[in-house]
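Take a look at the letters that make up each chain.
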Amino acid sequence: MPRSRPRQPINRLLLTIREMDPNYSAQDVARCDLCKTAIAQSYCDFCHVNLCKPCIGEHISDEYDKHKIVPILQRKSTLIYPKCETHQNKACKWQCKDCNINVCSHCIASSQHSGHKFLNLEELFTTSKKCIQNDREELNNKIIPTYEEIVNELEMQIASLDGEYKKLTMEMSKQREEIHREVDNAFDQMEKEICEIKVKHHSLLQKHLDEIKQLQSLMQQTLNVLNEMEESNEVSSAIHYSSKNEEFRKLPPKVNVSISKFVPKPIDREELCRLIGKLYPLSTTLEERVFTEKEPKSSVRELFDEPEVLNTINTGLRCLRSVTCLNEEQIWTSGRTANIKCFNIQGLLQKTIRTKSGNLPDDIAVDSDGAMLYSDWAISRTVYKVKNNQTEEIITLQGWKPINLCVTSSGDLLVTMHCDDKTQTKVVRYSGSTVKQTIQFDEKGQPLYSGNIYTKYIYENRNLDICVADYVAGAVVVVNQAGKLRFRYTGHPSPTKNKPFKPRGITTDSQGRILTADRDNHCIHILDTDGQFLCYIDHCGLDNPFGFCVDSNDSLFVCEYDKGNVKKIRYLN
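As a starting point, this report considers the structure included with it. Predicted, not measured: the structure shown is a model, and the values here were computed from it.

## Remarks on the sheet that holds strand β13 (residues 330–334)
Argument step 1. Spatial strand order, β12-β13-β14-β15: four strands in an open sheet with antiparallel pairing. Looking at strand neighbours, the two that pair on one side only are β12 (322–325) and β15 (349–354), the edges of this open sheet. If you compare each strand with its neighbour and ignore which way they point, the axes differ by 20° on average.
Argument step 2. Direction of pairing for strand β14 (residues 339–344) relative to β15: antiparallel, over a ladder of five bridges. Bridge pairing in β15 links Phe-343 to Leu-349.

Here it is, written out as structure tokens:
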């Protein structure tokens, strides 16, 4: 073994402590572990020692051939495998699936594991690391902040108790002044009851607060462990890691405690005690909380006074209807033809997909894996998925026909569809091919959308609202995640827009603004998240704007229906 190997545990521990110590900064430079004085520029990722340039030669001068010299910033790239309990000095790089134990190459070749299946520990380690990272991020960025909001709410309730109960006492004092000395004893008794109720109220809230803070403490401990595990290269601890986030997602019930009320009555000396009034006791209910992931806040981007066209792509497609972003560099387009075309943002054709039926696609979308989705309602009533040149059916309907598509932030698929007799329209949420939600009627049982075969473009806003452009109704219909109607937008009065508002395409941007195409007036309406009109995009020479999309940089791609062009527009600063 090399002379430097005995330092391995100490050096690794020092590195770990330095990385976990908040007081350790870039000024605490790593020193060479051989000469002890020079600044280390390199690292042996097998022996786990820091090295300066002159000492590298001394370190690798022995006959040991497994040294791995890397820049010091790239240290810890070599995994630390567990040692084999059966074969000395052998590292276990596999796990026997049948025996559920770690094994080395000698174990695999032994008769004990003959015919068994083996899992690669490096792959298990990578998978577990991703799980650890995801759990740490969710716990740190989503779950813990939610609990902090709950704690703040309870602390505010507790802080307001004195004021609320002071109001209650003052109301009783007014009644007390009218009936004077005869009711002093009765009021004193009732004030005592108020104090007891207040103590009980405080106790209930404080108990709930203490329980939640205890959970927060447990989550912080878990977060600390996850941080340590994420920084560690120990395989065993990583692959045996068990997530607790499912437990933490189950938010504590919300304690609703109503303030007692005092109801005064007319004074009657003979029945004074009975007629003073009634003090209602505490009313406590538990309201279930549902954990919902919150979108990260993005920086505010203001609208340009005069949006500008950055590029125009001629697709060659007749009656261009839909465009969707594959990434910042590529877009998919479709029109009244069986060909779905992919272009780069310079306008060069990259790929063409032909629909399975040879019929035009009604709409297209791209899922989180980059696969192309398209709807074919006229012939097959099916939504198809195309990936790696393979086409598969993911949704096939009976009695209904799929129209427009939207892939949500959670990976679900929203589909607008109409029934065969063309009288009803609904929005259905799918997870894979499983129906998760149907949105069709408002709280009064009235249809949310017009019943017809016309296109109803759909998009999910960053606040999880579901936005539908209903052409026949002349409205943008927005419901919340639960399907409850939030608002309808039916256009904005303008002396320059002389045709009725008939929205076509719809999309949203990083600010939660809603954009919808007004084809007949050759413009785009921009709304805020509550449906308030903000402005038009109408100075870019748009001709019959139809479908459109916004990429991750808030660049707007607009289909010009008759010309077959896609215009890339910058409208935010």
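## So, helix α4 (residues 121–159)
Argument step 1. Taking 1.5 Å of rise per residue, 39 residues should cover 57 Å, and α4 covers 53 Å from first to last C-alpha, within 8% of that figure.
Argument step 2. Considering bend angle alone, the principal kink of α4 is centred on Leu-139 and spans about 40°.
Argument step 3. The opening residue of α4, the one whose side-chain oxygen lies 2.7 Å from the backbone nitrogen of Glu-122, is Asn-120.

## Some remarks on the nonpolar core
Argument step 1. If you look at the biggest cluster of nonpolar residues, it comprises 40 residues, and the most contacted ones within it are Leu-139, Ile-143, Tyr-165, Leu-205 and Met-219.
Argument step 2. Every element with two or more residues in this core is listed here: α4, α5 (161–179), α6 (184–231), α7 (235–239) and β7 (254–258).
Argument step 3. The contact partners of Tyr-165, leaving out residues within four places of it in the chain, are Ile-194, Ile-197, Lys-198, His-201, Ile-259 and Leu-282.
Argument step 4. Of all hydrophobic cores here, the second largest spans 26 residues; its members include Ile-345, Val-476, Ile-514 and Leu-527.

## Some remarks on the packing of α4 against α6
Argument step 1. Orientation of α4 relative to α6, taken along the N-to-C sense of each, is 160°, at an axis distance of 9 Å. Comparing their axes, α6 and α4 come out roughly antiparallel. Note on packing geometry: the crossing formed by α4 with α6 is left-handed.

## Focus on the pattern of salt bridges
Argument step 1. What the rule picks out here adds up to 16 salt bridges.
Argument step 2. The salt bridge partner of Glu-308 is Arg-570, with a shortest N-O separation of 2.3 Å. Of the two residues, Glu-308 sits in strand β11 (residues 303–314) while Arg-570 sits in strand β34 (residues 565–572), which places them 262 residues apart along the sequence.
Argument step 3. Since its relative accessible area comes to 33%, Glu-308 is described here as partly exposed.
Argument step 4. On the basis of relative accessible area, Arg-570 is assigned to the partly exposed category, the value being 37%.
Argument step 5. Salt-bridge contacts for Arg-429 lead to Asp-412; the nearest nitrogen and oxygen are separated by 3.5 Å. Note that Arg-429 is positioned in strand β22 (residues 425–431) and Asp-412 in the loop between β20 (400–407) and β21 (413–419), a separation of 17 residues in sequence.
Argument step 6. Taking relative accessible area as the criterion, Arg-429 reaches 6% and is therefore assigned buried.
Argument step 7. Overlapping salt bridges, with partners in common, bring together Glu-138, Glu-246 and Arg-249 in one network.

## A closer look at a nonpolar patch on the surface
Argument step 1. Taken together, the side chains of Ile-453, Tyr-454 and Val-472 make up a nonpolar region of the molecular surface, amounting to roughly 240 Å² of accessible area.
Argument step 2. If you trace the backbone, Tyr-454 turns up in the loop between β23 (434–439) and β24 (456–460).
Argument step 3. On the accessibility criterion, Tyr-454 (42% relative accessible area) is partly exposed.

## Topic: the pairing of β24
Argument step 1. Counting buried positions along β24 yields four of five residues, so the element is predominantly enclosed.
Argument step 2. With five bridges connecting them, β24 and strand β25 (residues 466–470) associate as antiparallel partners. Paired with Glu-460 across the strands is Ile-466, a residue of β25.
Argument step 3. Counting the residues between successive antiparallel strands, the hairpin from β24 to β25 contains five residues, one of them, Leu-464, with a positive phi of roughly 75°.

## Observations regarding the sheet that holds strand β16 (residues 363–366)
Argument step 1. Spatial ordering of the open sheet is given by β16-β17-β18-β19, a layout of four strands whose pairing is antiparallel. The sheet is open, and its two edges are formed by β16 and β19 (390–396), each paired on a single side. Strand-to-strand twist across the sheet, computed as the mean angle between neighbouring axes with direction ignored, equals 25°.

## Some thoughts on unusual backbone geometry
Argument step 1. The phi angle at Lys-36 is positive, at roughly 70°, despite the residue not being glycine.
Argument step 2. The residue Lys-36 is located in the loop between α1 (8–20) and β1 (42–44) in this model.
Argument step 3. The exposure class assigned to Lys-36 is exposed, which follows from its relative accessible area of 51%.
Argument step 4. Here Arg-381, not a glycine, exhibits a phi torsion of approximately 55°, which is positive.
Argument step 5. With respect to the element layout, Arg-381 can be found in the loop between β17 (372–376) and β18 (382–387).

Rules and cut-offs
- Residues numbered from 1 in each chain as written.
- Predicted model: local features only at pLDDT ≥ 70, side-chain atom pairs only at ≥ 80, totals over all residues.
- Heavy atoms only, no water.
- Pairing = 2+ DSSP bridges.
- Helix = DSSP H or I, 4+ residues; strand = E, 2+ residues; numbered from the N terminus.
- Axes fitted to C-alpha atoms, helices over the stretch in contact; angles between N-to-C directions.
- Expected span 1.5 Å × (residues − 1).
- Bend = angle between axes of the 7 residues up to and from the residue.
- Polar contact = N/O pair within 3.5 Å; in protein donor to acceptor, adjacent residues only side chain to side chain.
- Core = buried A, V, L, I, M, F, W, Y, C linked by side-chain atoms within 4.5 Å.
- Buried < 20%, exposed > 50% of the residue type's maximum accessible area, 1.4 Å probe, protein only.
- Contact = heavy atoms within 4.5 Å.
- Parallel < 35°, antiparallel > 145°, perpendicular 65-115°, else oblique.
- Left-handed = near helix turned anticlockwise from the far one by under 90°.
- Salt bridge = Lys/Arg side-chain N within 4 Å of Asp/Glu carboxyl O.
- Patch = residues over 30% accessible without salt bridge, like charges linked within 9 Å, V, L, I, M, F, W, Y side chains within 5 Å.
- Areas by Shrake-Rupley, 256 points an atom, 1.4 Å probe, with all protein chains shown as cover.

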